[in-house]
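Observations on the model geometry
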Amino acid sequence: MKVTRLTTKDQWLEAFPIMRQLRTHLDKASYVILISEAVEKDNYRLYALYDQQEIVAVVGFKPMITLYYGRFVWVCDLVTDNINRSKGYGEYLLNYVHTWATDNEYESVALSSGIQRHHAHRFYEEKMGYEKVSYVFKSK
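Figured I'd write up the structure that's included with this text.

Thresholds applied
Residues numbered from 1 in each chain as written. Predicted model: local features only at pLDDT ≥ 70, side-chain atom pairs only at ≥ 80, totals over all residues. Heavy atoms only, no water. Axes fitted to C-alpha atoms, helices over the stretch in contact; angles between N-to-C directions. Helix = DSSP H or I, 4+ residues; strand = E, 2+ residues; numbered from the N terminus. Parallel < 35°, antiparallel > 145°, perpendicular 65-115°, else oblique. Left-handed = near helix turned anticlockwise from the far one by under 90°. Contact = heavy atoms within 4.5 Å. Nonpolar A, V, L, I, M, F, W, Y, C, P; charged D, E, K, R; others polar. Salt bridge = Lys/Arg side-chain N within 4 Å of Asp/Glu carboxyl O. Buried < 20%, exposed > 50% of the residue type's maximum accessible area, 1.4 Å probe, protein only.

**Focus on the packing of helix α3 (residues 89-103) against helix α4 (residues 118-127)**
- Closest axis-to-axis distance for the α3/α4 pair is 12 Å, and the angle between their directions is 60°. One way to sum up the angle between α3 and α4 is to call them oblique. Where α3 crosses over α4, the two elements pack in a sense that is right-handed. Contact residues: G90, E91 and L94 in α3; F123, Y124 and K127 in α4.
- The residue inventory of the contact of α3 with α4, partitioned by class, reads three nonpolar, one polar and two charged.

Next comes the structure, spelled out in structure tokens:
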């Protein structure tokens, strides 16, 4: 397995079919526009996990600093291809993010997960040792 940072439009588009499984509201054009802006303005990083030269999972994250968490990495997107779930790919990528955070002197990794995503919550809590620390609210 190999983790690769995706930095070009062509690479982002290669990852789109998997990302779209999580971000179903995006089409290719809006996806590329949002990634371009996030990379430029927010230090967003998109990585793909390849197994046998095929993308099986992707993770998007950004390093942040807030008064609440201090120096931390925010995982914006984490998705494993539907046909490749429960093979350890999500765990592998999230561990990669933890290593990146440690290597770059960030104290922790945080994320939010949709209320309806019960399987994801079990994965974060039981497999990855995360704890629920807050609710995330969004204006309409």
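Alright, that's what it looks like, and here's the rest.
**A closer look at the pattern of salt bridges**
- Across all of its chains, the model carries four salt bridges by this definition.
- With a shortest N-O distance of 2.8 Å, R23 and D77 are connected by a salt bridge. With R23 in the loop between α1 (9-22) and α2 (28-42) and D77 in strand β4 (residues 70-80), the pair connects residues that are 54 residues apart, well separated along the chain.
- For R23, a relative accessible area of 25% translates into the label partly exposed.
- Residue classification places D77 among the buried positions, given a relative accessible area of 10%.
- Its salt-bridge partner being K41, residue E37 comes within 3.4 Å of it at the nearest N-O pair. Placement of both E37 and K41 in helix α2 is noted, with a separation of four residues, approximately one turn of the helix.

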